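What follows is each chain in one-letter form.
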Amino acid sequence: MFKKALAFILAVMMIVSLLPMAAFADTTPVATVSGVGYATLADAFANVPDNGTVTISENTKETAFSITGIDKLAGKTVTIKGAGMDSTFLDWGTGSIGVGSGAVLYFEDLALVIDHKGASMPYTQAMDGIASESYKNVAIYGAISVMRTASFDGCVFKGSTT
């Protein structure tokens, strides 16, 4: 009886040790919308309703986020909320797609990196069609140009504004 129990325990341990590590991979979504997790910002932006919120997970560092579906926000009022200006980084990178006309965007609790070097469509041009923008508790790295209604509350500027 003891040998059978030991054999069973060893067999179970062998099976567990042979499971692929992918089975234990981190499945934390990059963002959530209305309680539904999404693996990419593109999917989150595509599924956020008007007056909805895209909540970006802690420790997210998204580069070139302009090409990940932000054009799907045209005509919507959307809050893009991070986990803190030291935990969530959106880097405009070499973005090439604009937000789309009529969008009202609220950026909250994140860091926005605006680097025009190499960008085929600078941040200013990509944001040109939006109706208004608001930044609350946002660290802004780089130059930001505001040519429409904008508000800033609790922001830290690491570049210049025009």
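For the structure itself, consult the block above.
Basis of the calculations
- Residues numbered from 1 in each chain as written.
- Predicted model: local features only at pLDDT ≥ 70, side-chain atom pairs only at ≥ 80, totals over all residues.
- Heavy atoms only, no water.
- Buried < 20%, exposed > 50% of the residue type's maximum accessible area, 1.4 Å probe, protein only.
- Helix = DSSP H or I, 4+ residues; strand = E, 2+ residues; numbered from the N terminus.
- Pairing = 2+ DSSP bridges.

*Asks:* Any details on the pairing of strand β8 (residues 132-141)? Residues and values, ideally.
*Replies:* Taking burial as the measure, the ten residues of β8 include seven buried ones, the bulk of the element. Note that strand β7 (residues 104-113) and β8 share nine bridges and pair parallel. Paired with Val104 across the two strands is Ser132, which belongs to β8. Looking at chain direction, β8 and strand β9 (residues 149-153) are connected through five bridges and run parallel. Counterpart to Lys136 in the pairing with β9 is Asp153.

*Asks:* I'd like to hear about the environment of Asn51, residue by residue, with values.
*Replies:* Position of Asn51 relative to the elements: it lies in the loop between α2 (41-47) and β3 (52-56). Given a relative accessible area of 61%, Asn51 falls into the exposed group. Separated by 53 residues in sequence, Asn51 and Val104 place their C-alpha atoms 9.2 Å apart.

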